[in-house]
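One letter stands for each residue in the lines below.
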Amino acid sequence: MEYILIIISAIFVNNVVLMKFLGVCPFFGVSKQVGTAVGMSGAVVFVMTVATIVTFILQKYVLDVFEIQYMQTITFILVIASLVQLVEIILKKVSPSLFQALGIFLPLITTNCAVLGVALLAVKPVYDYDLLQATVYAVASAIGFGLAMVIFAGLREHMELQDIPKGMKGVPIAFVVAGLLALAFMGFSGIA
Amino acid sequence: MSKLKIFTRGFFSENAVFVMLLGLCPTLGTTTSAVNGLGMGIATTFVLVMSNIVVSLVKSQIPDKVRIPSFIVIIASFVTIVELTMQAYVPDLFEVLGLYIPLIVVNCLILGRAEAFASKNKVSDSILDGLGMGLGFTMALMMLGAVREILGSGSIFNISIYEGDGALVFVLAPGAFIVLGYLIALTNILTKKS
């Protein structure tokens, strides 16, 4: 039950992109087609989960033990940056087909603030998650990111064919649509 | 390029938020009011100027292959300084901005300027570039925050300007997207005319 609550809350109620504004850059950058949106989401699920597990362990067994919590920001970003590199190298060897699919998205993920944001949120004392809960939270957040991204890409594909006023063409209308999507997701806040 | 142009392009022709669409997460996340936007803008400007100075100073020492990780470490150090300073001196603002302060590290604007400008230019130009880009970013955040505050809570800089509560939706998440969309549209129309 507890896990179901974490999952629903992370995917719908506190959606990373639409409610917490994390990972907005890739959300607008690679959402022109559903195909690329799915690829990016896959890469994010992968990296976010691994990054959260590693940073969570580091926080609990290194930073907290030695009371050097102020090193959190530097440690986490370094872990994520090297992890992305590592994932890239391993994928290339182990599963070339998956690497082909996710390849171009992996370097972009280092600067995806959703990864660092979720890693930081997962170790927040207010939630008091254990490792398994933190992992579930990371996976669910990433799925929430993917869900928002794929819906938005679908909307944008349709928008291509619409007659939009000149000044609103392109980015501005995309923002307004994202706003309406966020409004729709606000409807889920009744669940929690 | 003249010094003046390096400084001023961050405000209009290459404004980080309205034109380049960089650093969108803090732009949307922290602009629930004009004051919050201003606070976030100043914190980002500080990190941007300091990291530009350091990157520009050490640019010849860093091997090309490890420059991105090196830049990230430099930026992360200054973010930690800002984090600790804000926690000590402006705890209220620190609470409101919360998660977005450590996230300055992954603000693409800062890494972007380090890579595109500071790593190729001398220190004095890099300071001007950092200041211009940072203040342009601050201006954009303050504008967005002001519009959201006026529409959402009927006040500006915490000074009430009309009776009633305003439309709450503008303080919440959807309002951030919609207001920014219209501000970008406005910028597009204004810049195309001139």
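Computed from a predicted structure; not experimentally measured.

Visitor: Could you clarify how one ought to interpret the interface of chain B and chain A in this entry?
Guide: One frequently used descriptor of interface size is the decrease in accessible area upon assembly of the parts. Contact residues are listed per partner, giving 36 residues for chain B and 33 residues for chain A. Taken together, both faces of the contact between chain B and chain A bury some 3,000 Å²; the carbon and sulfur share is 86%. Summed over the shared surface of chain B and chain A, the result is two residue pairs in polar contact (both at pLDDT 80 or more). Among the elements of the structure, helix H2 (24-29), helix H4 (67-89), helix H6 (108-118) and helix H8 (173-193) of chain B are those that each provide at least two residues to the side of chain B that touches chain A. Per-element accounting of the side of chain B that touches chain A gives the leading share, 12 residues, to H8 of chain B.

Visitor: I would appreciate a short explanation of the nonpolar core in the present structure.
Guide: Here is a general trend for soluble globular proteins: nonpolar side chains tend to be buried in one another's company. In terms of nonpolar packing, the biggest core is built from 115 residues, with Leu18, Phe27, Phe28 and Ile109 of chain A together with Phe177 and Leu180 of chain B touching the most fellow members. Residues contacting Leu180 of chain B, with those up to four places away along its chain left out, are Phe175 of chain A together with Val17, Phe18, Leu24, Thr27, Leu28 and Leu144 of chain B.

Visitor: How should I be thinking about the environment of Met142 of chain B in this particular structure?
Guide: All names here are of chain B. Tracing the sequence through the fold places Met142 in helix H7 (residues 123-153). Assessed through its relative accessible area of 28%, Met142 is described here as partly exposed. It is 19 Å that separates the C-alpha atoms of Met142 and Gly166, two residues lying 24 residues apart in sequence. When sequence neighbours within four positions are dropped, the list of residues in contact with Met142 reads Ala34, Leu38 and Phe157.

Visitor: What am I meant to see in the packing of helix H3 (residues 34-58) of chain B against H6 of chain B here?
Guide: Each packed pair of helices is defined by two parameters, the angle between the axes and the distance between the axes. All names here are of chain B. Look at H3 against H6: their axes get within 10 Å of each other, and the N-to-C directions meet at 30°. Taken together, the axes of H3 and H6 lie roughly parallel to each other. Like other packed secondary-structure pairs, H3 and H6 cross with a definite hand, here right-handed. Here Thr44, Val47, Leu48, Ser51, Asn52, Val55 and Ser56 of H3 lie close against H6, whose contacting residues are Leu109, Ile110, Arg113, Ala114 and Ala118. Partitioned by chemical class, the residues of the contact of H3 with H6 number seven nonpolar, four polar and one charged.

Visitor: For this particular structure, what's the right way to read the pattern of salt bridges?
Guide: Two side chains that carry opposite charge are able to pair once their charged atoms sit near each other. Residues and elements named next belong to chain B. All chains considered together, the criterion is met by seven salt bridges over all chains. As a salt-bridge pair, Lys3 and Asp125 come within 2.7 Å of each other at their nearest N and O atoms. Taken as a pair, Lys3 in helix H1 (residues 3-8) and Asp125 in helix H7 lie far apart in primary sequence, 122 residues in all. Under the relative-accessibility criterion, Asp125 is labelled buried at 11%. Salt-bridge contacts for Arg67 lead to Asp64; the nearest nitrogen and oxygen are separated by 3.6 Å.

Scoring rules and cut-offs
- The residue count restarts for each chain, going from 1 along the sequence in the order it is written.
- Written order decides the labels, with chains lettered from A and ligands numbered from 1.
- Two thresholds apply to this predicted model, a pLDDT of at least 70 for residue-level local features and 80 or more for giving and counting side-chain atom pairs, whereas whole-chain, interface and lining totals are computed over all residues.
- Excluded from the side-chain calculation are hydrogens and water; included are all heavy atoms of the structure.
- Contacts between residues were defined by any pair of non-hydrogen atoms, one from each residue, lying within 4.5 Å.
- Defined here as a combined quantity, buried area equals the accessible surface (1.4 Å probe) lost by two parts on assembly, summed across both.
- Under this definition, polar contacts are N or O atom pairs within 3.5 Å; protein pairs additionally need one hydrogen-donor-capable and one acceptor-capable atom, and for neighbouring residues in sequence, both atoms have to be side-chain atoms.
- Strands are runs of DSSP state E lasting at least 2 residues, helices are runs of H or I lasting at least 4, and numbering of each runs from the N terminus.
- Residues enter a nonpolar core if they are buried and are Ala, Val, Leu, Ile, Met, Phe, Trp, Tyr or Cys, with the set joined through side-chain atoms within 4.5 Å.
- Three labels apply to residues, based on accessible area from a 1.4 Å probe with only protein chains included: buried if under 20% of the type maximum, exposed if over 50%, partly exposed otherwise in between.
- Note on method: axes are straight lines fitted to C-alpha atoms, helices fitted across the in-contact stretch only, with angles between N-to-C directions ranging 0 to 180 degrees.
- Throughout this description, any angle smaller than 35 degrees is read as roughly parallel, any larger than 145 degrees as roughly antiparallel, any in the 65 to 115 degree range as roughly perpendicular, and the remainder as oblique.
- In this scheme, a crossing is called left-handed if the near helix is turned counterclockwise away from the far one by less than a right angle; it is called right-handed if the turn is clockwise.
- Only Asp, Glu, Lys and Arg are considered charged in this grouping, and only Ala, Val, Leu, Ile, Met, Phe, Trp, Tyr, Cys and Pro are considered nonpolar; every other residue, Gly among them, is considered polar.
- Salt bridges are identified by distance alone: a Lys or Arg side-chain nitrogen within 4 Å of an Asp or Glu carboxyl oxygen.

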